[in-house]
Amino acid sequence: MLKSIFINAFVFLCISSISAQSLTQLSGTVSGEDLNDKLAYASVIVKQDTLLVEAVITNDKGDFKIKDIKVGAYTVEVQFLGFETYTSPLTVDGSKSKINLGTIQLKSDVTSLEEIVVTGETSQLSLKLDKKVFNVGKDLISQGGSATQVLDNVPSVTVDPTGAVSLRGNSNVLILINGRKSGLASTQGLEQIPAETIKSVEVITNPSARYDASGSAGIINVVLRKNTKDDLSGSVTLVTGTPADHRILGSLNYKKGKFNLFSNVGIRYSDYVGLNTRDQQSTVDGNNLFLSQREDQDRHDDGGLLYVGLDYFINDKNTITTAFYRNDTKDTDENTLNFDFSGTGTPDTRIQTIGNSEEERSYNQFEFNYTKAFEKPGRKFTVDVQYDFWDSTKDFNIARRTVMPDAGDVSIINTRSNRENDDVVIQSDFITPLSETANFEVGVKVEDRVVSTDFVANEEIAGAITPIDGFNNGLDYKEQILGAYAQYGNKIKKFSYLLGLRTEYTDIEIKDQNTGGVLTDSTYTRLFPSVNLSYVLSEKTTAQLNYSQRINRPNLFQLNPFAELLDFNSRIFGNINLVPSYTDAVELTLIRKTKGLVINPSLYYSKTTNNFQYFTTQNDEGVFETALINLDEETRFGLEVSAQYAPIKWLALMAEFNAYSFDQKGGVGTTNLDFSNETWTATLLSQIRLPKKFTFQSKFEYQAPVSDAQTRARSFYYLNMAIGKSLFNNKGRITLGVSNIFNTRELRERTVGDGFIVNQSTNFNAARWNLNFNYRFNKGRNRKENKSNRQ
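Okay, so let's go over this structure. Bear in mind the structure is a predicted one, so any value in this text is a computation, not a measurement.

## Looking at the nonpolar core
If you look at the biggest cluster of nonpolar residues, it comprises 31 residues, and the most contacted ones within it are Leu151, Val157, Val165, Ile193, Ile198, Val201 and Ile220. Of all the secondary structure elements, the ones that give two or more residues to this core are helix H2 (147-152), strand E10 (157-159), strand E11 (165-167), strand E12 (173-177), strand E13 (198-204), strand E14 (218-224), strand E18 (287-315) and strand E19 (318-343). Look past the residues within four positions of Val157 in its chain and what remains in contact with it is Leu151, Asp152, Val165, Ser166, Leu167, Val203 and Ile220. The next biggest cluster of nonpolar side chains, apart from the first, holds 19 residues, and it includes Leu39, Phe64, Tyr74 and Phe80.

Spelled out as structure tokens, the structure:
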């Protein structure tokens, strides 16, 4: 009996040992043709004949592991949209418990939708746990343009005719440059960033705790290009267009040993033509008054930029990066306004004003980064310091005269505005793996910002100069934000999660320079939780459920109780009593990738308290005054569908549809502003590859009408097109493009208030044509090619 037990136990242990030895773990990393381009969420499939044995997806670093592979002959496939499928035989003989397949490099698929390396005319979409990443290729439509044109091609992002950026129809979005706040993220700043310097755009609709809590709609992060090529490389871009648009941009990079130097330099000379009209009907003291207003804009911008930086690789574990960015612009504008008045008991009158303005801006940004890696893979410690300092001065001279019924004396209004900004940000982050699948991350951030602004307005009549009451002012704005966060992420088979909590302390003070009095001093602390869940339904389909809480802090412009004098008929004010708004947002999204097709539907819901909205009234003098107010709340529910499809080798399509409804509650005084509405937008981008290395690209966008309690914006559409040809063995490209070709990108609004109706239209930019040439060189790559040719 005892002998039998020992024999059975011995046989069992032998069988168990043989079984254990026959199970093998596979691991590896997936990258693009550039080894530094790790591919997250690539599909890694193990097959035996035609039978699927196991399928996994790579993590954010492009790594994968497949456990419990038995002895046998297999085929390994790696799939990622935009790249050729990798296939390789694999034999597992049981002699090794672990097999590392190394780095698997995928080649770009010239017949696929995302032709980044080979033809590169569209952008590649990838879905990560807490964001979508659009790797900007050589989009023909945005070539020779700015970051504004790039953002306008990104799904979920809309740029209106005035240059304002919104995310899913919500303008309360935080725009970051290289993951940090920057003066370049303003409307004017985005126009100064050349499209060719942008690597990717990250769209984060429900940011995790590592990101700032600002922006109720989410975050748009513009990632600038940085040299990764060895030896000497660079590019030059030449642009000309009509209305006058002349630009020169060059980049020069050198990477050798422990040093990586990178630089961009550019100049621009641009004209813009705009047309604004306004027709209003109002009742003053029982009399009906009518005004027809036309404004012709002739704007001119000069600009120059310089961006230089250095990476110093102290060793394989420590790296220091420092960079400096400078942008100088000078805007010279001329606006001609004609006002035609008529009404009960009022003679027909025409008044003309001609405004000439000159604004000079100087923007400077210093960046420093220290990164330390550790022996343990995935563990990293970083310190970032950024110092922004900029100033602007604007002189605006307005000549006003009566044309009819009788020509009157000319009055001259001279205004000057000055702004200065100093912004220091210090941030440190630490991330460490806790296991093969779990990661823990913590970080702290301090931001200290000081802004000084003053405005002076004087009127000159018959040589006598007098200040204009109510307009001369000066403000000092101080803002301090202290933030800290922690988040934990893990992966259990096909399920991944990221849980985070962020806290931010805010202190804002505004002082009146003239009186020294404090206009507002507010301090508050808030917790911001975030949850990001992901589940792999199949090798080609992933689902995500995300939640975050956000804040929208009023900025200085929104708080400033003084108006700048632009014309005598209307004023726009800030509101010193504005309070922050808070948003709870949840989103369910799905992404499915098949051969030639990516489809990404999303359902989203948000509830915002104290949301901002403009409200217009007419004062006793008949001047229209528009100011920001806090409503009680707004709820929003929407559906967004993005799709990319390449039905045939020479045709690629990208379509997007976003529809949402909203319900607003609140009021001002006795005026009830409760309102519900719905709207939608649709976008279609197409790319056609033609013979002789020609490529054609177009974008059509339609925006349906949308309303709030006072204002209804009418629908508009526009069409952009471009055609390009590759030259010099794909090292160069010449492109002819046109934006707003039919001059239909016009914002038309109707505002109805107590005793008035206003219809106005804004066409900020007429149709623009441009011709640009880009040439790239890489000395290191040329050496490799020459060496290969000699072999």
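## Here's the deal with the pairing of strand E22 (residues 411-433)
Here strand E21 (residues 380-404) runs beside E22; their pairing, made up of 21 bridges, is antiparallel. Considered in E22, the bridge of Ile398 is made with Ile413. Here E21 folds back onto E22, and the loop between the two strands holds six residues. Sheet topology places E22 next to strand E23 (residues 439-461); 23 bridges connect them, and they run antiparallel. Along E23, the bridge assignment pairs Asn418 with Asp454. Joining the antiparallel neighbours E22 and E23 is a turn of five residues.

## Here's the deal with the pattern of salt bridges
Under the defined criterion, the tally for this structure stands at 29 salt bridges. Close ionic contact of Asp395 with Arg416 constitutes a salt bridge, the shortest N to O distance being 2.6 Å. With Asp395 in strand E21 and Arg416 in strand E22, this pair connects stretches of sequence that are 21 residues apart. Residue classification places Asp395 among the partly exposed residues on the basis of a relative accessible area of 26%.

## Quick notes on the environment of Phe64
Turning to its location among the elements, Phe64 is positioned in strand E4 (residues 63-69). A residue is classified by how much of its surface remains accessible, and Phe64, at 4% relative accessible area, is buried. Separated by 36 residues in the primary sequence, Phe64 and Gly28 have C-alpha atoms spaced 5.7 Å apart.

## Observations concerning a nonpolar patch on the surface
Together, Leu545, Val586, Leu588, Leu603, Tyr605, Phe637 and Leu639 make up an exposed nonpolar region whose accessible area comes to about 570 Å². Mapped by element, the contributors of at least two residues to the nonpolar patch are strand E30 (581-594), strand E31 (597-609) and strand E34 (633-648). Tracing the backbone through its elements, the reader meets Leu603 in strand E31.

## As for the pairing of strand E38 (residues 675-690)
Regular strands have side chains that alternate between both faces of the sheet. As defined by bridge partners, strand E35 (residues 651-665) adjoins E38 across 14 bridges and the pair is classed as antiparallel. For Asn658, the partnering residue across the bridge sits in E38 and is Thr681. Here E38 runs beside strand E39 (residues 694-703); their pairing, made up of ten bridges, is antiparallel. Its bridge partner lying in E39, Ser686 is registered against Ser698. Between E38 and E39, which pair antiparallel one after the other, the connecting turn spans three residues, and Lys692 there sits at a positive phi close to 60°.

## Here we look at the sheet that holds strand E3 (residues 51-57)
One open sheet holds the four strands; their spatial order is E3-E2-E5-E6, and the pairing between them is antiparallel. Only two strands of the sheet have a single partner each, and these edge strands are E3 and strand E6 (86-92). Going across the sheet, the axis of each strand differs from the next one's by a mean of 25°, ignoring polarity. The sheet contact formed by strand E2 (residues 43-48) and strand E5 (residues 72-79) spans five bridges and is antiparallel.

## Topic: the packing of aromatic side chains
Going through the model one piece at a time under the given rule, you end up with 15 aromatic pairs. Here the aromatic rings of Phe657 and Trp680 are separated by 5.8 Å at their centres, their planes lie at 35°, and the arrangement is tilted. You can see Phe657 sitting in strand E35 and its partner Trp680 sitting in strand E38, a full 23 residues away along the chain. Residue classification places Phe657 among the partly exposed residues on the basis of a relative accessible area of 34%. A relative accessible area of 36% means that Trp680 is categorised as partly exposed. Consider the rings of Phe728 and Tyr775, whose centres lie 6.1 Å apart with planes at 75°: the pair is edge-to-face. In this pair, Phe728 sits in the loop between strand E42 (716-727) and strand E43 (732-739) while Tyr775 sits in strand E46 (residues 768-778), placing the two residues 47 residues apart along the sequence. A residue is classified by how much of its surface remains accessible, and Phe728, at 52% relative accessible area, is exposed. By way of ring pairs, the aromatic residues Phe262, Tyr307, Tyr325 and Tyr363 are connected into one cluster.

## Here we look at the environment of Gln297
Inspection of the secondary structure assignment puts Gln297 in strand E18. Along the backbone, Gln297 and Thr321 are 24 residues apart, and their C-alpha atoms lie at a distance of 43 Å. With residues up to four places along the chain from it excluded, the contact list for Gln297 reads Tyr272, Val273, Gly274, Asn276, Glu334, Asn335 and Phe764. For Gln297, the side chain forms a polar contact with the side chain of Arg299, separated by 2.8 Å.

Here is what the cut-offs are and how they apply
Residues numbered from 1 in each chain as written. Predicted model: local features only at pLDDT ≥ 70, side-chain atom pairs only at ≥ 80, totals over all residues. Heavy atoms only, no water. Core = buried A, V, L, I, M, F, W, Y, C linked by side-chain atoms within 4.5 Å. Buried < 20%, exposed > 50% of the residue type's maximum accessible area, 1.4 Å probe, protein only. Helix = DSSP H or I, 4+ residues; strand = E, 2+ residues; numbered from the N terminus. Contact = heavy atoms within 4.5 Å. Pairing = 2+ DSSP bridges. Salt bridge = Lys/Arg side-chain N within 4 Å of Asp/Glu carboxyl O. Patch = residues over 30% accessible without salt bridge, like charges linked within 9 Å, V, L, I, M, F, W, Y side chains within 5 Å. Areas by Shrake-Rupley, 256 points an atom, 1.4 Å probe, with all protein chains shown as cover. Axes fitted to C-alpha atoms, helices over the stretch in contact; angles between N-to-C directions. Phe/Tyr/Trp six-rings, centres within 6.5 Å; stacked < 30°, edge-to-face > 60°. Polar contact = N/O pair within 3.5 Å; in protein donor to acceptor, adjacent residues only side chain to side chain.

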